[in-house]
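Chain and residue survey
The residues making up each chain are set out below.
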Amino acid sequence: TNASTANAITAIDDFRNHMATKFGVTLSRCLMDRDSTFVSPQFTRHLESVYINPDFGGAEDHWELGSIESLWRRWACFIISARKAAGLDETFWGFASEMFEELHNALPHAGNPESMSPLAVLGQSPPDLKYLRAPFCPAYVLDHNTTSLQERARVGIMVGYPKHTRNGVWRVYFPDTK
C-alpha cells in the first residue's frame, strides 16, 4: 500500500541518516526480502535517488532468515523476562527494547571479527561496560532538596540509558509520581 511504502521510505531515510551521523557509515547497498512494500517502484526509485543499491536477494521464506530470527527471539525473551523480573507491565516494553539494543551493541559477539562488539566493528572505540546495569534494577537518585535528617536519595527503577549523554547516566522511573 502507499502508506506502508511511505513508512518504509521514512524508516530507510532515518536509518541512513542515523548511520551517517552516529557512525560515519554511508549506506550504498540494502539487502531486503521480497515484501511488496520493498519491491514497489516508488520505494525502489527512492533508494536509487539516494544512491542505495536495492538488493532483493534476501531470504524468500522466514526459515531462511536464521540469524535475524534468532535475534528477534533473543530480543523478545529479553523484553519479557526483564519486565517480569521487575514486576512491570507491558507499557515498559519500549524501555526494555532500548536497553536490549544498548546491551547488544556494547557487548562482544563471537560472530564478529576478533569477537568485537558491533560498535567496535563500526569503528567506534570499544565501549566502556562499567556503567551497564541490570535492566529495571533499583536506582537511587540524590535529592538535593533535603535537610540533614531526611533521606537523601529517592528510590526508583532504572529504565534505560538516555541517548546522547555520557556513560553512567540512567533514566529513572519513580512509581509514586508516574
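Residues numbered from 1 in each chain as written. Predicted model: local features only at pLDDT ≥ 70, side-chain atom pairs only at ≥ 80, totals over all residues. Heavy atoms only, no water.

1. Focus: the sheet that holds strand β3 (residues 138–142)
The cut-off we apply is this: Being paired, for any two strands, means DSSP has found at least two bridges between them. We count a stretch as a helix when DSSP gives it H or I for four or more residues in a row; a strand needs E for two or more, and each element gets its number in order from the N terminus. Angles here are taken between N-to-C directions and fall from 0 to 180 degrees, while the axes themselves are lines fitted to C-alpha atoms, restricted in helices to the stretch in contact. Residue contacts are counted whenever heavy atoms from the two residues lie within 4.5 Å of one another.
Pairing within the open sheet is antiparallel, and its 3 strands lie in the order β3-β4-β5. Here the strands that pair on one side only, and so sit at the sheet edges, are β3 and β5 (171–173). For this sheet the average axis-to-axis angle between neighbouring strands, irrespective of direction, equals 60 degrees. Judged from the 5 bridges that link them, β3 and strand β4 (residues 153–160) form a sheet pairing that is antiparallel. Its bridge partner lying in β4, V141 is registered against R154. Contacts between helix α4 (residues 93–106) and the sheet are confined to β4 and β5, with β4 contributing the most and set at about 70 degrees to the helix.

2. Describing α4
Our working definition: By this rule, a helix spans an expected 1.5 Å times one less than how many residues it contains. Per-residue accessibility, obtained with a 1.4 Å probe over protein chains only, is compared with the maximum for each type, and a residue is labelled buried under 20%, exposed over 50%, and partly exposed between these values.
Over its 14 residues, α4 extends 20 Å from the first C-alpha to the last, a length consistent with the 20 Å expected when each residue adds 1.5 Å. Three or more residues of α4 are buried, namely A96, S97, M99, F100, E102, L103 and A106.

3. Looking at the nonpolar core
For clarity, the cut-off: By convention a nonpolar core is built from buried Ala, Val, Leu, Ile, Met, Phe, Trp, Tyr and Cys residues, the set being connected through side-chain atoms within 4.5 Å.
Within the largest apolar cluster, 19 residues are counted, with the highest numbers of intra-cluster contacts made by F78 and F136. Counting only elements with at least two residues in this core, the list comes to α3 (66–86), α4 and β4. Ranked by residues supplied to this core, first place goes to α4 with 4 residues. With residues near it in sequence (within four places) discarded, F78 still touches A96, M99, F100, L103 and P135. L27, C30, M32 and I52 belong to the second-largest nonpolar core, a separate cluster that totals 10 residues.

4. Notes on helix α2 (residues 41–49)
Note the threshold: The directions from the helix axis to the C-beta atoms are what the arc is built from.
Burial in α2 covers these residues: F43, T44, H46 and L47. End-on view of α2: buried residues confined to an arc of 160 degrees, all on one side of the axis. Residues P41 and R45 are exposed on α2 and point more than 90 degrees away from its buried face. Trailing α2 by a residue or two, Y51 shows a phi angle of about 65 degrees, which is positive.

5. A short note on the environment of Q42
Along the polypeptide, Q42 turns up in helix α2. For Q42, a relative accessible area of 36% corresponds to the partly exposed category. Put simply, Q42 and N2 are 40 residues apart on the chain and 8.8 Å apart in space, counted from C-alpha to C-alpha. In this view, Q42 contacts N2, T5 and I9; residues no more than four positions away in its chain are not counted.

6. Details of the packing of aromatic side chains
We apply this condition: Pairs were defined over the aromatic rings of Phe, Tyr and Trp, the Trp ring being its six-membered one, requiring ring centres within 6.5 Å. Orientation was assigned from the angle between planes: stacked under 30 degrees, edge-to-face over 60, tilted for the rest.
Per the counting criterion, the structure on display carries 4 aromatic pairs. Seen from their ring centres, F92 and F95 are 6.0 Å apart, and the 40 degrees between their planes marks the pair as tilted. With a relative accessible area of 27%, F95 lands in the partly exposed category. Between F92 and F136, the ring centres sit 6.2 Å apart and the planes meet at 85 degrees, which makes this aromatic pair edge-to-face. Linking F92 in the loop between α3 and α4 with F136 in the loop between α5 (118–121) and β3, this pair joins segments that are 44 residues apart in sequence. An identical accessibility class is assigned to F92 and F136; each is buried. By the ring-pair criterion, three or more aromatic residues cluster together here, those being F92, F95, F136 and Y173.

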